[in-house]
Amino acid sequence: MAWEPACSDFRARCFKPRVGLYKKGLTYDQQGAIYFACKHYFTLLTPEEKQRFQRLLWECAKRKEKNYNALFEYLTCELDARSICEIYGIGKSNFYRYLDEFYLNFDFVKKVY
């Protein structure tokens, strides 16, 4: 019997760099740093960084609470994009557009690279 991950969408929960963001000037290292900073939102970010994070997220979500909640949950939790879109009733193309805008405007860790 072959080993199987406990969660069927195990691969979807791992970091995968986005080629579209790379073409817009965001290196794979920068994307990874942003991904891991978001995943450790509750433990690594200072209170000031958390406020900046939330403001940026609100702007990228086009000031809609549903989009904000979906982006926040995706960026800080372990659910994949497909599940988030189904839960919040957001189209994947819109969701990824908001996500791309967030990544391109996230300047907390870009300075390191």
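Look above for the structure.
Every value quoted in this text rests on a predicted model; they were computed, and no experiment measured them. (Residues numbered from 1 in each chain as written. Predicted model: local features only at pLDDT ≥ 70, side-chain atom pairs only at ≥ 80, totals over all residues. Heavy atoms only, no water.)

**Q** Outline the environment of A37, listing residues and values.
**A** Mapped onto the secondary structure, A37 falls in helix α2 (residues 28-39). Under the relative-accessibility criterion, A37 is labelled buried at 11%. Separated by 38 residues in sequence, A37 and L75 place their C-alpha atoms 9.2 Å apart. (Helix = DSSP H or I, 4+ residues; strand = E, 2+ residues; numbered from the N terminus. Buried < 20%, exposed > 50% of the residue type's maximum accessible area, 1.4 Å probe, protein only.)

**Q** Go over the pattern of salt bridges, please, and point to the residues and values.
**A** Opposite charge on two side chains makes pairing possible when the charged atoms of those side chains draw close. Tallied over the entire structure, the rule returns 6 salt bridges. Of the charged contacts in the structure, one is a salt bridge between R82 and D80, with a shortest N-O distance of 3.7 Å. R82 sits in the partly exposed class, given a relative accessible area of 42%. What makes D80 buried here is its relative accessible area of 6%. Beyond isolated ion pairs, a larger network of salt bridges with shared partners links D80, R82 and E86. (Salt bridge = Lys/Arg side-chain N within 4 Å of Asp/Glu carboxyl O.)

**Q** Describe unusual backbone geometry, and please don't skip the residues or the numbers.
**A** Residues other than glycine seldom take positive phi values, yet K62 does so here, at roughly 60°. When you line up the elements, K62 lands in the loop between α4 (47-60) and α5 (65-76). What makes K62 partly exposed here is its relative accessible area of 39%. Even without a glycine there, the phi angle at R63 is positive, about 60°.

**Q** Lay out the packing of aromatic side chains in plain terms, naming residues and giving numbers.
**A** One pass over the full model with this rule turns up 17 aromatic pairs. A ring pair is formed by F42 and F72, whose centres lie 6.2 Å apart and whose planes are at 85°; its orientation type is edge-to-face. In this pair, F42 is assigned in helix α3 (residues 41-44) and F72 in helix α5, connecting sequence segments 30 residues apart. By relative accessible area, F42 is classed as exposed at 53%. Ring centres of F102 and F106 lie 5.4 Å apart, and the angle between their planes is 55°; on these two criteria the pair is classed as tilted. Exposure class is identical for F102 and F106. Each is buried. Clustering of aromatic rings is evident, with ring pairs tying together Y41, F42, F53, W58, Y68, F72, F102, Y103 and F106. Against the face of Y74 rests K39, its NZ or CZ located 5.6 Å from the ring centre. Against the face of Y41 rests K50, its NZ or CZ located 5.4 Å from the ring centre. (Phe/Tyr/Trp six-rings, centres within 6.5 Å; stacked < 30°, edge-to-face > 60°. Lys NZ or Arg CZ within 6 Å of the ring centre and 35° of its normal.)

**Q** How would you summarise the packing of α4 against helix α7 (residues 92-105) if you had to cite specific residues and measurements?
**A** It is the contact of α4 with α7, at a shortest axis distance of 9 Å, that shows an interaxial angle of 140°. In this view, α4 runs oblique relative to α7, as classed from their interaxial angle. Between α4 and α7 the crossing geometry is right-handed. Residues F53, L56, L57, E59 and C60 of α4 pack against Y98, E101, F102 and N105 of α7. Of the residues belonging to the contact of α4 with α7, the class tally is 6 nonpolar, 1 polar and 2 charged. (Axes fitted to C-alpha atoms, helices over the stretch in contact; angles between N-to-C directions. Parallel < 35°, antiparallel > 145°, perpendicular 65-115°, else oblique. Left-handed = near helix turned anticlockwise from the far one by under 90°. Contact = heavy atoms within 4.5 Å. Nonpolar A, V, L, I, M, F, W, Y, C, P; charged D, E, K, R; others polar.)

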